[in-house]
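# An overview of the molecular structure
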Amino acid sequence: MMHTLKSKRELEQIKKACRVVAEVLATLSSELTEGMSTTDLDNRAYELTLKFGAQPAFKGYHGYPATLCVSVNEEVVHGIPDGRIIRNGDIVGIDFGVSIDGWFGDSAVTIPVGSISKEAKQLVETTKECLDRAIDCCVPGNRLGDIGYAVQSLAESRGYGVVREFVGHGIGRALHEEPQIPNYGKKGSGIILEPGMVLAIEPMITAGSHRVKVLKNNWTAVTVDGSLAAHFEHTVAITDQGPVILTDRSAL
Ligand code: MF3
Ligand code: CO
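Residue positions within a chain follow its written sequence, with the count starting from 1. All chains are assigned letters beginning at A, and all ligands numbers beginning at 1, according to the order in which they are written. The predicted nature of this model means local features are confined to residues of pLDDT at least 70 and side-chain atom pairs, given and counted, to a pLDDT of 80 or more, with totals for whole chains, interfaces and linings taken over all residues. To get the side-chain values, all heavy atoms of the structure are used, and hydrogens and water are removed first.

Along the chain, glycine 93 turns up in strand β4 (residues 91-100). As a C-alpha pair, glycine 93 and serine 227 span 134 residues in sequence and 14 Å in three-dimensional space. With residues near it in sequence (within four places) discarded, glycine 93 still touches Cys69, Val70, Ser71, Val109 and Thr110. Numbering goes from the N terminus for both helices and strands, where a helix is a DSSP run of H or I of at least four residues and a strand is a run of E of at least two. Throughout, a residue-residue contact means that at least one pair of heavy atoms, one from each residue, lies within 4.5 Å.

What follows is the structure, encoded as structure tokens:
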């Protein structure tokens, strides 16, 4: 199912959930320092979620055990917080979602810790740029494939890999709704984007091969070749006025 927003009121409701996601990610980003563990981050996220009157969206989802996904360095997505200590030079992907009154928001950011390598910095910046370019495509009349094309063409032009096994998704009354949003694709292909659609767009980009494997905990995805990966995600509403980034942190 895909839920298309039907009123200003529905837009306000999903905005509320997305605003909490933005606030919590902004706080976690500012507090993250070397020496903290991924579990410390998860505990803090849980506490903040409840303080904002929201419910964690990932905890319990298909048995997922935590509030956050924290994916460090070669971990691509769905890293389970497990006490791993965050070190100077790490890049730390934090993926977070909540619901309020049955409305969902989902966003992710990759944060550099201390001084990171030039290679890591360029990967993180490109992945962020891939998301920005994808969001620019979220205009009524464009097509779903335009989003994947935007991500893939930029990432591959810089020699990076585009993860295929995980995709973005519609979001609204559930964490994952239709359509699936691959980070690769053909311009002008796929469904037409319409006002009221809400999409969680989430490029996952690797410094080496795009191939990933899932660890024995059945969740954490890592690059097969051990290369670095980065991940950014926003929940975006398509409107007649263009894209609205519901999980935007820049105006907080
Ligand atoms: N943003 C990720 C996604 O949409 C996080 C999901 S974690 C899960 O796939 F535990 F909820 F699956
Ligand atoms: Co998502």
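Here is the rule: rings of Phe, Tyr and Trp (six-membered ring for Trp) pair when centre to centre is within 6.5 Å. Planes less than 30 degrees apart are stacked, more than 60 are edge-to-face, and the remainder are tilted. This structure, assessed with the given rule, holds one aromatic pair. Look at tyrosine 64 and tryptophan 219: their rings are 4.9 Å apart centre to centre, the planes differ by 80°, and that puts the pair in the edge-to-face class. With tyrosine 64 in the loop between β1 (55-56) and β2 (68-72) and tryptophan 219 in the loop between β11 (212-214) and β12 (221-223), this pair connects stretches of sequence that are 155 residues apart. For the residue pair tyrosine 64 and tryptophan 219, the accessibility class agrees, reading buried in each case. The ring of phenylalanine 52 has lysine 51 sitting right over it, with the charged end atom 5.2 Å from the ring centre. The ring of tyrosine 184 carries the charged tip of arginine 164 above its face, separated from the ring centre by 5.3 Å. Think of it in three bands: with a 1.4 Å probe and only protein chains considered, a residue is buried below 20% of the maximum accessible area for its type, exposed above 50%, and partly exposed in between. The rule for a charge over a ring is simple: NZ of Lys or CZ of Arg within 6 Å of the ring centre, and within 35 degrees of the ring normal.

Water is not part of the atom set, so a site may look incomplete; the donors themselves are N, O and S atoms within 2.8 Å of the metal, or 3.2 Å for Na, K and Ca. Within the protein, Asp106 (OD), His169 (NE2), Glu202 (OE) and Glu233 (OE) serve as the donor atoms for the cobalt ion (ligand 2), at 2.1 to 2.2 Å. Four donors are marked tetrahedral only if all angles between them lie between 85 and 135 degrees, whereas four are marked square planar and six octahedral if opposite donors are more than 155 degrees apart and the other angles lie between 65 and 115; the remainder are marked irregular. Coordination at the cobalt ion (ligand 2) is irregular: its six donor atoms span angles of 67 to 172° at the metal. Between consecutive donors of the cobalt ion (ligand 2), the numbers of intervening residues give the motif D-x62-H-x32-E-x30-E. With glutamate 202 in the loop between β9 (198-201) and β10 (204-206) and glutamate 233 in the loop between β13 (229-231) and β14 (234-239), the pair connects residues that are 31 residues apart, well separated along the chain.

Inter-axis angles, ranging from 0 to 180 degrees, are taken between N-to-C directions of lines fitted to C-alpha atoms, where helices are fitted over the stretch in contact. Across the interface, helix α1 (residues 8-31) lies against helix α2 (residues 38-51) with an axial gap of 10 Å and an inter-helix angle of 145°. Our pair here, α1 against α2, has a crossing hand that is right-handed. Contacts between α1 and α2 involve Val24, Thr27, Leu28 and Glu31 from the first element and Leu41, Arg44, Ala45, Leu48 and Thr49 from the second. Here the residues of the contact of α1 with α2 are counted per class, giving five nonpolar, two polar and two charged. The handedness criterion is simple: a crossing whose near helix is rotated anticlockwise from the far helix by less than a right angle is left-handed, and one whose near helix is rotated clockwise is right-handed. For this scheme, ten residues count as nonpolar: Ala, Val, Leu, Ile, Met, Phe, Trp, Tyr, Cys and Pro. Four count as charged, namely Asp, Glu, Lys and Arg, and the remainder, Gly too, count as polar.

The subject of this paragraph is the site of ligand 1. Any residue with a non-hydrogen atom lying within 4 Å of a molecule or strand is treated as near it. Around ligand 1, the structure places 13 residues, and the nearest of them are Asp95, His169, His176, Glu202 and Glu233. In protein, a polar contact means a hydrogen-donor-capable atom and an acceptor-capable atom, both N or O and within 3.5 Å, with residues adjacent in sequence counting only if both atoms are side-chain atoms; elsewhere, any N or O pair within 3.5 Å suffices. The contact in question runs from an oxygen atom of ligand 1 to an N or O atom on the side chain of histidine 169, over 2.8 Å. A distance of 2.8 Å is found between an oxygen atom of ligand 1 and a side-chain nitrogen or oxygen belonging to histidine 176. Grouping the amino acids of the shell around ligand 1 by side-chain chemistry returns six nonpolar, three polar and four charged.

One finds Leu41, Ile94, Ile147 and Ile201 to be the most contacted residues of the largest nonpolar core, which totals 53 residues. Looking at this core, the element that brings in the most residues is helix α3 (residues 118-136), giving seven residues. Discounting residues that sit within four places of it in the chain, isoleucine 147 has contacts with Ala134, Cys137, Cys138, Ile181, Leu193, Leu199 and Ile201. By nonpolar core we mean a set of buried residues, namely Ala, Val, Leu, Ile, Met, Phe, Trp, Tyr and Cys, connected to one another through side-chain atoms within 4.5 Å.

Moving on, we come to the sheet that holds β14. Note: two strands are recorded as paired if DSSP finds a minimum of 2 bridges between them. Taken in spatial order, the five strands make up an open sheet running β8-β7-β9-β14-β15, and their pairing is antiparallel. Among the strands making up the open sheet, the edge pair consists of β8 (177-181) and β15 (242-245). For this sheet, the mean angle separating the axes of adjacent strands, direction not counted, is 25°. Of the strand pairs in this sheet, strand β7 (residues 168-170) and β8 are connected by three bridges, and their pairing is antiparallel. Bridge assignment links glycine 170 to a residue of β8, and that residue is glutamate 177. Sheet strands touched by helix α4 (residues 144-157): β8 and β9. Its angle to β8, the strand with the most contacts, is close to 40°.

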